[in-house]
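Chain by chain, the residues:
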Amino acid sequence: HTIMNNMRPSTGISRRRRSAIGAAANLKRRRTNNYYHYRREDLAFFVFCCCIFAIPMKALMDWIVSQTFSPATVEVKQHSYTEEGLIINGDPKCVKTKSPIGSPFGRAADNLQLGPCAYFFEEKQAPPGGWLHDIDYFFDRPGQQLEAKEQCYLDCLRGLAEDEITPSFLIRAAQMKLPKVVQTLMDDYGMDPLYKVKSTDGIPRLNAVQEAVHGGYPVVLKTLTRGNIKLVIDNYGRTVEDYITMRASPIRPFHALKYFGIKVPETNLSPLIAFNDTEFEKLEERQGWTSKTDYPHEYDNTCDIDVVNELSREEFYREYLLPGRPVLIRDQAADDELQAFSKKYWQTTTDFHPSSKHKVGPTAYPSLTDQKACDTKLSISEMENATECPTMPGIPMVHARHPTNRDLELLYPATNGEVLNPTHSWAKLTEFFHVHSHRKHRMQLFWGGDGSGATFHWHLSAFNILYAGLKEWRLAPPLFRGYTGMPASKVQLDASFSLKCTQKPGDLLWFPDYWGHMTINHRFSIGAAIIHGGYRDLNVEPEMRAIRDDALHNTASERETIETLVPRHDEQAPAKTEAEVPDFFFVHINKCGGSSMISMLNERCPGQWRNEKWSSPALLRTFHCSAQCWIDRWGGKAWNDQYSFAIVRHPLARAVSNFFFLIDQCSKKRSKICEERAISTHYNGVVINDLADDELKINLFHSWVEKAYKLFPPGSHNHHLFGSHAHNNDVYSTFNATMTSWMVNADGEIAVDEVYRLEEMASGGMDKLSTKIPCLKNAATASERFLAEQEQEESTEEHPHLPAQQQHVQLQLATKNTSPPYPDYERFAANRRTKEIFLEVYAADFHNFGYKWPDPSRLQVQASE
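Since the model is a prediction, treat every value here as computed from it, not as a measurement. (Residues numbered from 1 in each chain as written. Predicted model: local features only at pLDDT ≥ 70, side-chain atom pairs only at ≥ 80, totals over all residues. Heavy atoms only, no water.)

Regarding its fold elements, the protein chain presents 31 helices and 30 strands. Within the span of the protein chain, comprising 865 residues, buried residues form 57% of the whole. Considering only residue pairs separated by 6 or more positions, the protein chain has 72% of its internal contacts joining residues 24 or more positions apart. In the form shown here, the protein chain has an accessible surface area of approximately 36,200 Å², with 51% of it arising from carbon and sulfur atoms. (Helix = DSSP H or I, 4+ residues; strand = E, 2+ residues; numbered from the N terminus. Buried < 20%, exposed > 50% of the residue type's maximum accessible area, 1.4 Å probe, protein only. Contact = heavy atoms within 4.5 Å. Areas by Shrake-Rupley, 256 points an atom, 1.4 Å probe, with all protein chains shown as cover.)

Right, dumping it as structure tokens:
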């Protein structure tokens, strides 16, 4: 039994055939110690019958091994349910679920899953040598993590019904580098490696073989093609060999030789000239920034990737999108665009004047790798002259930011802040991917002194423009992607898999999804990037697509277009009748008196206020509906025609209230909200809200702020968790921790008609609102009623799973409860680090709504009086 149990099952009989044979045999089984055993007398009788009917002994043994002793069928897997779904094999990271990817462990790194099967493989892990000395290569992590990931998908796949498995499973398995799953899908399910989803928007779709090339995954590629390098894999008649031998192919030359016996021609390995030195010197002189560079790292004016002067849409699809190769397109910035980033022009501005000081760090986003920014802001002139951070000597500093509308108006004056102008550098983004608004994607602006740069990291595909200076790129295919916290100047990537390219001002560089990359500035440099990726998600059926941070696609509504997730503010959703459209729109920001307002609207305006739910682009409803949520529901015309408003609150007061509110709720019943936001409910075994020491409560809040800032930093996909629960509004790319993000449209502009401050609602603000919404006057004075409701709201949970009517009942039932006890929010203002974080994270809220940082000394004076 021991020997036979360890034998592997025969692959000569399909899973369906094996099941049929097992059913026919009708053997009686019993369960012992998590193994199935056949009763001896039954097995003997069965062998006797087989001999009588002359069944070949080899077939009999193959069947016995595959049916009786296969680990896949013998062992009884232990499954259990959690809020995430069905846990497979007792591994909490291995789940069968139809929900969007997300777990207590964080999002799956590539945000992909195999149908309902998901394994939560962290995007980044601290490498063995630490962030400052080592690189976390995604596919080279220690231990059995990769094996556990693939085993998860194999086990989950075996438990799926036949109708749950679609042809896209093979494409997804190739994307995710799962060679054993690929083998299983081909052998047991007969899937076609050349199958691809039909395109409806002109953007070509990739088959599984092309996906394997895209990732640079030689083992997956060899499995899919069964080693046939002459297999034709696209409509242009190109073979596997053609893809592998292209310049800068993701399948690197040493893998081409090792796995396919292909030697890449030397002509495709020799660097190309990227630019003319004389032209560069003239441009540099016009821009006026220093040309001094002392950085010892070798660089030249060449590129290992293709360098082209112009690129049509069809050429881009054929030569770069399908084979997954990066490309540099020369001279894409117009002259007026380049001059807007000159030193002379920046001297005419306030925000970007060379004397203006900005936050800097050793990497673009230090908190992503558990580091800190420089504690001293540096001026642009100081960075131009390579001034060091006093507390980080020897490390070049870099500044990174997500530009605001004001920034863009200053930096793109010729187009009034419109980035995607057809005559300027970002036109290719619209031409190639039908993107019509940069605000639905993540635009970033960088500048840094000589030797600075973005350290090695990876994300979805992006276009990158350089406006000033000189930038050296190092690129690595997805197989070699990774994260590090080392400054860019310290990172050394192996030349066997990495590619280099030097970029001059005006040049546009594009790289595909998941390529690892880093940059080094050789003199003071200014650049920008737009992360637009996720196009590979179009290669599978809509029901398998991921919900992405950049919101290119919409799983729930199965939209096929790549332009938008939601209608633009000036566009219309499907027409609604006039009677259906609400009389007004309320943007319900949590912990800002919204539940009180909803309660009043339910009681006083029943004919004009309706509580609804809908499922596109996600499960949304009127309760906690953002501006984009309303626009998506009713269309831009209805939004513009009707009155809209929001209520805001001092950012610190809102955060303090929410912190203790969540502790109160999570300590009373199990909830994943606190765990999701890294909030501890107890201190030394005591519920934090029950602590008698107010100073301890205040310090615990500050500790959480510091931790949350590292976990959910500005610009990260889950930044909104620093501010509040999203109530599914995070399907919109503009949504983040700020209250401002609740009320902006798809273009990032505040779209509500009026914004009221909660602090003023009881002293005339509510009466002003009732002039716009007269039905609010249907009881005692509006201000009195709102104040009473607000006192109740502080002790009532905003249950995301209940309709608003039930929430109102909860509100009335909670009238005897008291608010969770915590000190006055102004007492929390004395902590310098919390102040720095809040002024950064909520800068838009302080600016847009006129709030100032509280003066904690005022409370001390009052206390002494």
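Time to look at the nonpolar core. Judged by nonpolar contacts, the single largest core of 85 residues is most densely connected at V181, L185, L221, L224 and I305. Counting residues in each nonpolar core, the second largest holds 82 residues, with I663, L700, A751 and M761 among its members. (Core = buried A, V, L, I, M, F, W, Y, C linked by side-chain atoms within 4.5 Å.)

Positioned with a positive phi, A386 is a non-glycine residue whose angle comes to about 60 degrees. Among the structural elements, A386 can be located in the loop between α17 (380–384) and β14 (398–401). Phi at A678 takes a positive value of approximately 60 degrees, unusual for a residue other than glycine. Tracing the backbone through its elements, the reader meets A678 in the loop between α24 (672–676) and β28 (682–683). A relative accessible area of 17% places A678 in the buried class.

This part takes up the confidence of the model for the protein chain. When pLDDT is averaged along the protein chain, the result is 78, and 76% of the positions lie at 70 or above. For the stretch residues 1–39, pLDDT sits under 50, and the model shows 63 contacts to residues farther than four places along the chain or on other chains. Throughout residues 54–58 the model reports pLDDT below 50, and contacts reaching past four residues in sequence, or to other chains, amount to one contact. (pLDDT = per-residue confidence, 0-100.)

Turning next to the packing of aromatic side chains. Two aromatic rings are characterised by how far apart their centres lie and by the angle between their planes. Evaluation of the coordinates by the stated rule reveals 49 aromatic pairs. Ring geometry for W346 against W447: centres 5.6 Å apart, planes inclined by 75 degrees, an arrangement best described as edge-to-face. Pair noted here: W346 is in helix α16 (residues 343–346) and W447 is in strand β15 (residues 442–448), with a separation of 101 residues, a long-range link. Considered together, W346 and W447 belong to a single accessibility category, that of buried residues. (Phe/Tyr/Trp six-rings, centres within 6.5 Å; stacked < 30°, edge-to-face > 60°.)

Moving on, we come to the pattern of salt bridges. What the rule picks out here adds up to 35 salt bridges. Salt-bridge contacts for E612 lead to R633; the nearest nitrogen and oxygen are separated by 3.9 Å. With E612 in the loop between α20 (594–604) and β25 (613–614) and R633 in helix α21 (residues 627–634), this residue pair connects regions lying 21 residues apart in the sequence. Among the ionic pairs, R833 bridges to E836, the shortest N-O distance being 3.1 Å. Here R833 and its partner E836 are both found in helix α29 (residues 832–841), three residues apart, which amounts to about one turn of the helix. Given a relative accessible area of 29%, R833 falls into the partly exposed group. A cluster of three or more residues bridged by salt bridges with shared partners is formed by D234, R238, R247, D306, E314, R318, E319 and R325. (Salt bridge = Lys/Arg side-chain N within 4 Å of Asp/Glu carboxyl O.)

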